[in-house]
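The lines below spell out each chain.
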Amino acid sequence: MTLRQDCEQIVRQAIAAVQPDEAVRRALEGRAFPAGRLVLVSVGKAAWSMAKAAWDCVGERLDSGIVITKHGHAQGPITSLRIREAGHPVPDEDTFSATEEALALTSGLTEADTVLFLLSGGGSALFEAPLVPPSELQDITRQLLASGADIVEMNTIRKRLSAVKGGRFARHCAPARVFSIVLSDIIGDPLDMIASGPAYPDSSTCEEARAIARRYDLTLSAAAEYCLEEETPKALDNVDTVVTGSVRELCAATARACRNLGYEPILLTDSLDCEAREAGAFLAAIARSHQGTNRSLAFLAGGETVVHLTGSGLGGRNQELALSAAAGIAGLADTAVF
């Protein structure tokens, strides 16, 4: 095999090990729900796959449900579930109307009822009921995306501008129980930050939100400024949460795939948090430092990078990282970055 073929096989095997459908099946295995109504709400870029797996596991128990995923990510109908596609990374009118549908489905529930809430990356844009005019929320989202703010900083702001983030969706569902299966896409798996924590108490403070707004010089209306001062729910007693599919799990799966092909995996970090171009240069530097070895080494780094935009570009973290790494590994033998 060529080095590129090895890389592609490692990627396929690692991703297969943390697929959303398998994550949901593991979380639902042996799970029993009360005799009341069971309503499914699945949100995020992996929402369709997660909902399909949930239907395969507990479909006969579901009374109703909705799937909200990114435009182009739905893979067809799932029996009686409502399938909606919406905007990402900036919420659009489809986001707002789909979220209204989800709120309607989960209104008026009782203590005997349960909401099966499936959450994955992208939920901050795909699940939104803004507390400010929608156009302003979209503008603030674009400002944050272009600023270089990391995902925790972005979501600290976004959850205060929303009627469903920062634990507010779980409060809306009360007194029904919420069983939340979370596919983590954030370093350290902070439940209040993944998709801006619709079903988890907020750990951030108003002071932190104000500091972020100042740091990135956000343009905010008086209404948005007021929202930053509002506290989000700090206590929720109707939620059970299972976290699965995290970056840490992906790194472990990648290491196994490397060993299967005869490479010695070395985990550099599962908490990488820096500019994409810096990450690319760092990985290239690691490769250059080990050119003299006679071993087959695989250096692994998991995390999330950011990009500062200038001009009218759209950005792209993976592309920027790859271009930065390409410059650093030019001329090296038997070396690849992916």
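Residues numbered from 1 in each chain as written. Predicted model: local features only at pLDDT ≥ 70, side-chain atom pairs only at ≥ 80, totals over all residues. Heavy atoms only, no water.

## Side note on helix α6 (residues 134–147)
Condition: Counting from the N terminus, the helices are DSSP H or I runs at least four residues long and the strands are E runs at least two residues long. Under the convention used throughout, the expected extent of a helix is 1.5 Å for every residue step, that is, one less than its residue count. Type-normalised accessible area, obtained with a 1.4 Å probe on protein chains alone, sets the label of each residue: buried when under 20%, exposed when over 50%, and partly exposed for intermediate values. Contacts are residue-level and defined by heavy atoms, with any inter-residue pair within 4.5 Å sufficient.
Its 14 residues place the ends of α6 20 Å apart at the C-alpha level, agreeing with the 20 Å of an ideal helix rising 1.5 Å per residue. Among all positions in α6, only E136, L137, Q138, I140, T141, Q143, L144 and S147 are buried. Contact partners of the buried residues in α6: α4 (93–105), α7 (151–158) and α10 (222–229). Just downstream of α6, G148 is the residue with a positive phi angle, here 90°.

## Remarks on the sheet that holds strand β4 (residues 114–119)
Convention followed: A pair of strands is labelled paired if DSSP reports no fewer than 2 bridges between them. To define axes, lines are fitted to C-alpha atoms, for helices over the stretch in contact only, and angles between the resulting N-to-C directions are given on a 0 to 180 degree scale.
Across the sheet, six strands lie side by side as β3-β2-β1-β4-β5-β6; this open sheet has parallel pairing. Because the sheet does not close on itself, it has two edges, and the strands there are β3 (82–86) and β6 (239–244). Put simply, the sheet's adjacent strands are angled 15° from each other on average, direction ignored. In the sheet, strand β1 (residues 38–43) pairs with β4 via six bridges, with the strands oriented parallel. Residue pairing across strands places V39 opposite V115, the latter belonging to β4.

## A few points about unusual backbone geometry
In this model, H88 is joined to P89 through a cis peptide bond whose omega is 10°. Looking at the secondary structure, you find P89 in the loop between β3 and α4. A cis amide bond links A174 with the next residue in sequence, P175, at an omega value of 10°. Positive phi outside glycine occurs at T79, with the angle close to 45°. Looking at the secondary structure, you find T79 in the loop between β2 (64–70) and β3. Overall, T79 belongs to the exposed group, its relative accessible area being 53%. Unusually for a residue other than glycine, D334 sits at a positive phi of about 50°. Note that D334 resides in the segment after α13 (317–329). Under the relative-accessibility criterion, D334 is labelled exposed at 76%.

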